[in-house]
Amino acid sequence: MKVRTDAKRDAILQIASEVFLEMGYERASMAEIAARVGGSKATLYGYFPSKQAIFLTLARRFGAEHIDPAMQELISSPDDDVGKLLQRFGERLLSFLASAPAMSALRLVLAESGHSDVGEMFYEAGQKQGVQTMAGYLQSLMDRGLLRPANALVAAQHFGALVNAEAQYRWYYRDDADLTPKQIKAMVTRAVEVFLRAYGSDRKDL
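Procedures and definitions
- Residues numbered from 1 in each chain as written.
- Predicted model: local features only at pLDDT ≥ 70, side-chain atom pairs only at ≥ 80, totals over all residues.
- Heavy atoms only, no water.
- Axes fitted to C-alpha atoms, helices over the stretch in contact; angles between N-to-C directions.
- Helix = DSSP H or I, 4+ residues; strand = E, 2+ residues; numbered from the N terminus.
- Parallel < 35°, antiparallel > 145°, perpendicular 65-115°, else oblique.
- Contact = heavy atoms within 4.5 Å.
- Buried < 20%, exposed > 50% of the residue type's maximum accessible area, 1.4 Å probe, protein only.
- Arc of directions from axis to C-beta.
- Phe/Tyr/Trp six-rings, centres within 6.5 Å; stacked < 30°, edge-to-face > 60°.

Visitor: Teacher, can you tell me more about the packing of helix α1 (residues 6-23) against helix α4 (residues 51-64) here?
Guide: Axes are the key here: two packed helices are described by the angle between their axes and the distance separating the axes. Contact geometry for α1 and α4: axes closest at 10 Å, N-to-C directions at 95 degrees. As the angle between them shows, α1 and α4 are arranged roughly perpendicular. Touching Arg9, Asp10, Leu13, Ala16, Ser17 and Phe20 of α1 are Lys51, Ile54, Phe55, Thr57, Leu58 and Arg61, all from α4.

Visitor: Explanation requested: helix α5 (residues 67-76) in the structure shown.
Guide: For an α-helix, 3.6 residues make a turn, and residues three or four places apart therefore share a direction. Within α5 the residues assigned to the buried category are Ile67, Ala70, Met71 and Leu74. End-on, the buried residues of α5 take up no more than an arc of 100 degrees, which puts them together on one face. Tucked inside the fold, the buried residues of α5 contact α4, α6 (82-97) and α8 (118-143).

Visitor: What is the right way to look at the packing of aromatic side chains in this model?
Guide: The geometry of an aromatic ring pair is captured by two quantities: the separation of the ring centres and the angle between the planes. Inspection of the entire model under this criterion finds eight aromatic pairs. Relative to tyrosine 25, the ring of phenylalanine 20 has its centre 5.7 Å away and its plane inclined at 25 degrees; by these criteria the two rings are stacked. Comparing phenylalanine 20 with tyrosine 25 shows no difference in burial state: the two are buried. Where tyrosine 169 meets tyrosine 173, the ring centres are 5.6 Å apart and the plane angle is 80 degrees; that geometry is what we call edge-to-face. Under the relative-accessibility criterion, tyrosine 173 is labelled partly exposed at 48%. Each residue in the set Phe20, Tyr25, Phe55 and Phe122 is aromatic and connected to the rest through ring pairs, giving one cluster.

Dropping the structure here:
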């Protein structure tokens, strides 16, 4: 009886991510992944039933390790200083979105989206859930009068777009320099300012 281990599963996912980035989703195969892992396809199928299952697992992991902790910190904070909370979260979000691994993954997804379901799978497994969680948080701020009443889902989409607005051009540059913490802070500061101009509360007691 073969024993499955978390270490082996993680090794498969790491190698699979490299294969996807190198070959694209459609050209990547279970045989190629198995060969690079150093085992048989039977062993690979013992961990994942399909290439799609591997990809969806990677998509869920894509932001979970970086964004989920920041989101939970944001949601659980007792602080009512909305600007400060959004600034801190926005800096962590942009640091992730502007990182080389994140941009490589997004380029892969965008390249494949025109002729397969990979873009939809990636979005449904990751970003969509993040936007919905952010919308729930913003709705709670609206309910408390800390933001003006509005469509919370649209507000969440606006916030994400504003945070990445000044850095999104980097998707098109192969060797652009990494953003510095100072640059990230300044970009997010401007994004939060614009967001609060649109969604900030009119309450005078805040």
